[in-house]
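Next come the chains, spelled out residue by residue.
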Amino acid sequence: MASFDVIYIGAGPGGYVSAIRAAQLGLSVAVVEGRETLGGTCLNIGCIPSKALLHATHLLHETHENFEKMGLMGAAPKVDWAKMLGYKTDVVGQNTKGIEFLFKKNKITWLKGWGSIPEAGKVKVGNDTHETKNIVVATGSEASSLPGVAVDEVTVVTSTGALTLPKIPKSMVVIGAGVIGLEMGSVYARLGTQVTVVEYLDAITPGMDAEVAKTFQRILTKQGLKFILGAAVQGVTTGKKGASVAYKLRKDNSDATLEAEVVLVATGRKPYTAGLGLEGLGVEMLPRGQIKVDAHYQTNIKGLYAIGDAIPGPMLAHKAEDEGVAVAEILAGKYGHVNYGVIPGVIYTTPEVANVGMTEEQLKEAGVAYKVGKFPFMGNARAKAVFQGDGFVKILADQATDRILGAHIIGPMAGDLIHEICVAMEFGASAQDLAMTCHAHPTYSEAVREAALACGDGAIHA
Ligand code: NAI
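It should be emphasised that the depicted structure is a prediction, and the values quoted were computed from it without experimental measurement. (Residues numbered from 1 in each chain as written. Predicted model: local features only at pLDDT ≥ 70, side-chain atom pairs only at ≥ 80, totals over all residues. Heavy atoms only, no water.)

A. Representation of the pairing of strand β10 (residues 194–198) within the structure. For β10, the buried fraction is high: 4 of the 5 residues fall into the buried class. Here strand β9 (residues 171–175) pairs with β10 via 5 bridges, running parallel. Counterpart to Ile175 in the pairing with β10 is Val198. Following the backbone out of β9, through helix α6 (residues 179–190) and into the adjacent parallel β10, one traces a crossover that is right-handed. Here 3 bridges tie β10 to strand β11 (residues 226–228), and the two strands are oriented parallel to one another. Along β11, the bridge assignment pairs Thr196 with Lys226. Taking the sense of rotation as the criterion, the β-α-β connection linking β10, helix α7 (residues 210–222) and β11 turns out right-handed. (Buried < 20%, exposed > 50% of the residue type's maximum accessible area, 1.4 Å probe, protein only. Helix = DSSP H or I, 4+ residues; strand = E, 2+ residues; numbered from the N terminus. Pairing = 2+ DSSP bridges. Right-handed = clockwise from strand over helix to strand, strands pointing away.)

Here it is as structure tokens:
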């Protein structure tokens, strides 16, 4: 039995990042992780492997779509699926080893196994019980189930199974037009799979700026994805040849079915807290299964903290990381803080979609007077040079003060471009501050500046 200042349960982006910061701040740290490798869902079966597949299939799509236009002639490459999956596994392996290295460097103990909390100040892993001043639950989330849909990770898969399909399916029904559905749907559509996305609501990517969502759907449709919106999935049955998805159209209550070789269920995730012993401890939970914490991430039990997908807020790796850093600082006697108003969201399709802050819909609802500065990538020379003129940057600024309240981008490298605006928002900048900043030419970033200019006297190239 060993004794620590803090034991983390879960080595995902929340837990492992927090552990490193806590160790850097002088605390003795252990992390409980039952998976064979560190990094959690994001690194092993989520963000990172999906980005590898998105990259490979994006290049494949480029060969079909744009190579000839640039004078690059010849047949498009054949896909060796096993090799592509191998590349994805390598990418994951390099990163999980990287975290192991960082654990050693920072003298963090990895307690291998699944942890539970028999009482405050104690963590049990296998037959060993470890004493600790503090415990941080960073156990993340798991795919939510859908009534009438049994996941077998072969024919009916979650994102986990979608990353390791034995072969490229001819057809796929994706249930849910959220982030996972559209990223993985894009991967398979580019590989030649006929992808149909069935979504309960009347628009894709709920919560996103409506104008961006509309443009996004149009572009994805052009790329070959089909959408059935306003359709509630009732159930899935499987047979030898694949699956049949039954859905009800909400507008007229009519029933229909769709056949596909594979069905991807991407209808959201829920906190993963089973087996920790939280109930026995009397930890207060919220109705949607999240752990209730105070402003310092502490539960109603002293010395027991929780961060990431297990508590409320967007289920994003970087939100968990920031909470991890904050809680480590709090445990070390400092003042950790997360600015929830400036957490970017990114969808890594082509084009990428990124957002931060308020949407127009939210501003209207809040009764805030705002102005819109918009600039199309069609007016950006660099974007046009790489066939990515579709999309735009939209900056929302306070009508009276010009302070930036939100930004929504669909276009090349949107996931990187958004951070200039995040920094500006952290500094309480106005759109004019962005507009007066010299931007290198020719870059995609100029579109951000032009959108900022459009909040004032007008964009130059529009
Ligand atoms: P999501 O919450 O983004 O989307 C789920 C979609 O399924 C919604 O549009 C919802 O209306 C729809 N839906 C629910 N029930 C349905 C039904 N019965 N029939 C038809 N449609 C139905 O969830 P998703 O895509 O599974 O992602 C889970 C979490 O993982 C999200 O919080 C997301 O932010 C995160 N994530 C983030 C990524 C990123 O940042 N790039 C990548 C992948 C996941």
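B. View of a nonpolar patch on the surface. On the surface, Met70, Leu72 and Phe387 cluster together into a nonpolar patch covering about 250 Å² of accessible area. Locating Met70 in the fold gives a position in the loop between α3 (47–65) and α4 (81–105). (Patch = residues over 30% accessible without salt bridge, like charges linked within 9 Å, V, L, I, M, F, W, Y side chains within 5 Å. Areas by Shrake-Rupley, 256 points an atom, 1.4 Å probe, with all protein chains shown as cover. Salt bridge = Lys/Arg side-chain N within 4 Å of Asp/Glu carboxyl O.)

C. Here's a closer look at the environment of Thr349. You can see Thr349 is positioned in the loop between β18 (345–347) and β19 (352–357). Overall, the relative accessible area of 2% leaves Thr349 in the buried class. Taking the C-alpha atoms as reference points, Thr349 and Tyr247, separated by 102 residues in sequence, lie 26 Å from one another. In this view, Thr349 contacts Leu182, Glu183, Ser186, Arg190 and Phe216; residues no more than four positions away in its chain are not counted. Here the side chain of Thr349 touches Pro351 through a polar contact of 2.9 Å, landing on its backbone oxygen. (Contact = heavy atoms within 4.5 Å. Polar contact = N/O pair within 3.5 Å; in protein donor to acceptor, adjacent residues only side chain to side chain.)

D. Up close: α3. The terminal C-alpha atoms of α3 lie 26 Å apart, and with 19 residues this matches the ideal 27 Å at 1.5 Å per residue to within 8%. Listing the buried residues of α3 in full gives Pro49, Ser50, Ala52, Leu53, Leu54, Ala56, Thr57, His58, Leu60, His61, Glu62 and Thr63. Its buried side turned inward, α3 meets α2 (40–45), α4 and α6. (Expected span 1.5 Å × (residues − 1).)

E. Region of the structure containing the packing of α3 against α6. Contact geometry of α3 with α6 gives a least axis separation of 9 Å together with a crossing angle of 35°. Handedness of the α3/α6 crossing: left-handed. Note on element contacts: α6 touches α3 through Glu183, Met184, Ser186, Val187 and Arg190, opposite Ser50, Lys51, Leu53, Leu54, Thr57, His58, Leu60 and His61. Residues belonging to the contact of α3 with α6 are distributed by class as follows: 5 nonpolar, 5 polar and 3 charged. (Axes fitted to C-alpha atoms, helices over the stretch in contact; angles between N-to-C directions. Left-handed = near helix turned anticlockwise from the far one by under 90°. Nonpolar A, V, L, I, M, F, W, Y, C, P; charged D, E, K, R; others polar.)

F. The pattern of salt bridges, seen in detail. By the definition in use, this model includes 15 salt bridges. When the shortest N-O distance is used, the salt bridge between Lys374 and Glu211 registers 2.3 Å. Residue Lys374 is located in strand β20 (residues 370–376), and its partner Glu211 is located in helix α7; the two are separated by 163 residues in the primary sequence. Given a relative accessible area of 35%, Lys374 falls into the partly exposed group. Between Glu360 and Lys394 there is a salt bridge, with the nearest N and O atoms lying 2.6 Å from each other. With Glu360 in helix α10 (residues 360–366) and Lys394 in strand β21 (residues 392–398), the pair connects residues that are 34 residues apart, well separated along the chain. One exposure class covers both Glu360 and Lys394, and it is buried. Connected via shared salt-bridge partners are Asp209, Glu211, Glu360, Lys374 and Lys394.

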